[in-house]
Amino acid sequence: MFKTVKRIIDWCGEFKGKLYLGFVMTFFSHIFAALPLALAAYTVGLLIESQSGGAAFDAAWIWKTIVIQIVLVLLRFLFDYLRARLQEPISYQLTARDRLAVGDALKRVSLGYFQTMSTGNILNSITTGLSTLENMGIRMIDNFIGGYLNFLVIFVCLAVCSPVTALIALAAAALSLGFMLIISHYSSVNAPVEAQANRDMTGAVIEYARGLAVVKSFGKKSGAAMESVTKAIGDSKRIHLKIEWGYVPANALHLLALKCGSVGLAFAAAMQCLNGQMDFSVMLMFVFFSFSIFASLEPISDSAHTLGVIDDAMDQLDALRGEHFIDADGHDVKLGRYDIRFDHVSFAFPDDPETPILKDLDFTVPAGSKLGILGETGAGKSTLVSLISRFYDPTVGHVLIDGIDARDWPLATLRSQVCIVAQDTFLFSDTIGGNIGFGASGDSDDRYIQKMAQIAGADNFIRSMPQGYDTVVGERGVGLSGGQKQRLSLARALADNPSILIMDDTTSAVDMETEAEIQKHLKEMDGGKTIVAIAHRISSVKDSDLILVLEHGRIVERGTHAELVAAHGRYWDIYHKQLGLQSGVAQGF
C-alpha cells in the first residue's frame with residue numbers, strides 16, 4: 001500500500017510542490033470541519049451546567065459562537081477550494097502528458113509489439129488505465145495522507161487533554177490500518193485479474209464491431225458473432241462481483257474498528273467526568289467529537305480498493321515506456337539521394353525466429369528508379385517493404401538508404417521521406433480535401449491538393465460528388481468504393497511529397513484503364529521519386545527498371561520486363577496466364 005502511495009507521488013514529478021501544499025489545505029479543511037461540532041458541544045455543556053446550578057451562562061457567548069461557527073465554515077470551504085485548485089488539475093495534466101507520450105511511443109516501437117499486444121490491451125492501457133489514474137490517483141493520495149495527517153494532529157491534542165482517550169483512538173486507528181493492509185493486499189492480487197477481464201471485454205467488443213460487416217455478408221445472425229462478447233461481458237461481471245464481495249469483510253471490519261473506537265472514546269470521557277477528572281462541558285465536547293474524529297480515516301478504505309488497480313495501470317505504462325524503441329540508436333544523418341540497398345537481408349518475426357520470412361535478399365534500387373515486386377500471397381512482399389520504412393529491422397543483413405543503415409536514421413526523418421500506400425486504406429472522418437491534405441505541408445493550397453488528386457486518378461470522381469472536395473468521408477461520411485479509397489490514399493501519399501513511394505498493391509481495386517493513367521502521371525512527376533510497387537498484375541510493374549519475383553521469401557528471378565519475358569521463367573508463366581495465352585482466360589496471379 002505504502003509502495004503504491006510513493007509511486008503515485010513520484011509520478012507527480014514537477015507537481016509535487018502543489019500536491020504537498022494540497023495536503024496542508026486538506027488538513028486545515030478537516031480541522032475547520034471538526035471545530036464547529038466541538039464548539040457546539042462545548043456550548044451545550046456550559047448551558048447544561050448553568051441549568052444544573054453551576055456557573056451562570058453568558059448569553060453573549062451564543063452570538064460569539066454563531067459568529068465563530070460562520071467563520072469556521074467559511075474557512076473550511078476556503079481551504080477545500082484551495083486544495084481543489086492545487087490538486088485537481090494535477091492528474092489531468094499528467095494523464096494528458098502520458099497519453100501523448102504513449103501515442104509517441106506506439107509510433108516508435110516495432111510492429112512486432114502489436115503482434116504480441118492485442119488492440120484491447122493497448123486501448124485499455126490508454127483509456128481505462130489512465131482514466132483510473134486521472135480520476136482516482138490524486139484523490140486517493142489526498143484521502144490517505146491527508147486523512148492520517150489529520151488524525152495525527154487530533155491524536156496529539158487528545159494526548160494533551162486526556163491520554164486515555166488518545167490511547168483508545170490510537171488503538172482503533174491501528175486496528176483499522178491492519179484491515180486496510182488486508183484490503184490493499186487483496187486489491188493488488190486481484191487487480192491484474194480485473195484488468196485482464198477489462199482488456200478481454202474491450203478486445204471482444206472491438207472485434208465484434210470490426211467483424212459485423214463480415215457476419216452480415218455471410219448471412220449469419222449477429223447472435224453468433226456476439227458469443228465472444230457475451231462471454232467476455234459475463235466473465236467481467238462475475239470477476240468484478242467476486243472481487244467486490246471479497247472486499248466486504250475487511251471493509252466492514254475497518255469501519256467497525258473505527259466505530260468501536262468512537263464509542264470507547266465517548267465512554268472513557270464519560271467515566272472521567274463521573275470521577276471528577278473532566279468538566280461536564282469538556283466531556284460533552286469529547287462525546288460529540290468522538291463521532292467525527294475518525295471521519296478522515298473512513299474514506300481511506302475506498303481508496304485502498306483502487307490501489308491495486310492504480311498499481312496495475314502504472315505497470316502497463318512502465319511496460320510501454322520500457323519497450324525498446326526501434327530508433328533508440330538512431331542519430332542525425334545528412335540527406336542525399338534516396339537509393340535503396342538490401343545487403344543479404346533475412347528476416348524472421350520475433351515470436352517465431354526459427355521460421356524465416358525473407359531469405360538472403362540482395363539487390364539495389366537506384367534513386368529515382370522503379371522497383372516492381374511480384375509473388376504469391378505469403379511470399380514476403382509486404383514484409384520486404386516494411387523493412388524499408390523500418391516497421392521491422394532485418395534479422396540478418398542491412399537495409400541501406402542513401403548508403404546509410406536504416407537503423408542509423410532517426411525514425412521521424414526516415415518516415416518523412418518514405419510513404420507506404422497500402423491495399424487496405426484508412427480514411428479519416430474529414431473532407432476529401434482534408435484527407436488528401438493530411439500529409440501535405442502547412443503551406444499547401446487547394447490547387448496542390450487537386451493536382452495530387454489528378455495524378456492519383458481521383459479528381460474526376462471527386463468533382464462528380466455534390467460537395468466535391470468538401471465531401472465528408474470516413475467513418476461518419478459517405479461510402480466510397482474500394483478503388484476510390486485507394487486513389488484517395490495514393491493522392492494523400494503524393495501530397496506528402498516523399499522521396500521513396502511504396503505502393504503495396506495500391507491499384508488492385510482500380511480498373512486497368514485508370515491504372516494506366518495513374519502510371520503515366522507518376523512518370524511525369526517532377527522530383528525523381530524512388531518507387532517500389534508490389535502488385536499481382538503484370539501491368540502494374542512492367543515499366544519498372546527492376547522487377548523481382550519472390551517465392552517463399554527468396555528472389556527467384558530479377559530483371560526488366562523484356563529480360564524476364566525472354567527468359568521464359570516464372571515471370572513468363574505469369575505474363576502468359578494473365579494475357580490468357582495458355583488458358584484462354586485472363587487470370588490474376
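Residues numbered from 1 in each chain as written. Predicted model: local features only at pLDDT ≥ 70, side-chain atom pairs only at ≥ 80, totals over all residues. Heavy atoms only, no water.

*Asks:* Describe the pattern of salt bridges, listing the residues and the values that go with them.
*Replies:* In the structure shown here, the tally under the stated rule is 15 salt bridges. Here R97 makes a salt bridge to D98, at a shortest N to O gap of 3.1 Å. With a shortest N-O distance of 3.5 Å, E376 and R570 are connected by a salt bridge. Here the residue E376 occupies a position in the loop between β3 (370-375) and α11 (381-388), and R570 occupies one in helix α19 (residues 570-579), the gap between them amounting to 194 residues. Judged by its relative accessible area of 37%, E376 is partly exposed. By sharing partners, the salt bridges in this structure join K6, D10 and K16 into a single network. (Salt bridge = Lys/Arg side-chain N within 4 Å of Asp/Glu carboxyl O. Helix = DSSP H or I, 4+ residues; strand = E, 2+ residues; numbered from the N terminus. Buried < 20%, exposed > 50% of the residue type's maximum accessible area, 1.4 Å probe, protein only.)

*Asks:* Describe the packing of helix α8 (residues 227-274) against helix α9 (residues 280-290), and please don't skip the residues or the numbers.
*Replies:* For the pair α8 and α9, the least separation of the axes is 8 Å and the interaxial angle reads 175 degrees. On the basis of their axis angle, the class for α8 and α9 is roughly antiparallel. Two secondary-structure elements touch here, α8 through S262, L265, A266, A269, A270 and C273 and α9 through F280, M283, F286, V287 and S290. Broken down by class, the residue content of the contact of α8 with α9 amounts to nine nonpolar, two polar and no charged. (Axes fitted to C-alpha atoms, helices over the stretch in contact; angles between N-to-C directions. Parallel < 35°, antiparallel > 145°, perpendicular 65-115°, else oblique. Contact = heavy atoms within 4.5 Å. Nonpolar A, V, L, I, M, F, W, Y, C, P; charged D, E, K, R; others polar.)

*Asks:* Before we move on, can you summarise the pairing of strand β10 (residues 530-534) with the specific residues and values?
*Replies:* Of all five residues making up β10, five are buried, and the element is well covered by its neighbours. Here β10 shows no split at all, with T530, V532 and I534 on one side and I531 and A533 on the other all buried. One ladder, built from four bridges, connects β3 with β10; its direction is parallel. In the strand pairing of β10, G372 is matched with A533. Bridge analysis of strand β9 (residues 500-504) against β10 gives five bridges, and the strand direction is parallel. Looking at the pairing, I502 lines up with V532 of β10. (Pairing = 2+ DSSP bridges.)

*Asks:* If you had to explain the sheet that holds strand β12 (residues 554-559) to someone new, which residues and values would you point to?
*Replies:* An order of β6-β9-β10-β3-β11-β12 is seen for the six strands of this open sheet, with the pairing classed as mixed. Whereas interior strands pair on both sides, the edge strands pair on one side only; in this sheet they are β6 (418-421) and β12. The sheet shows a mean angle of 15 degrees between the axes of neighbouring strands, taken without regard to direction. Bridging between β3 and strand β11 (residues 546-551) involves five bridges; their strand directions are parallel. Residue pairing in the sheet places I373 in a bridge with L548 of β11. Contacting β3, β11 and β12, α19 runs over the sheet at an angle of about 95 degrees to β11.

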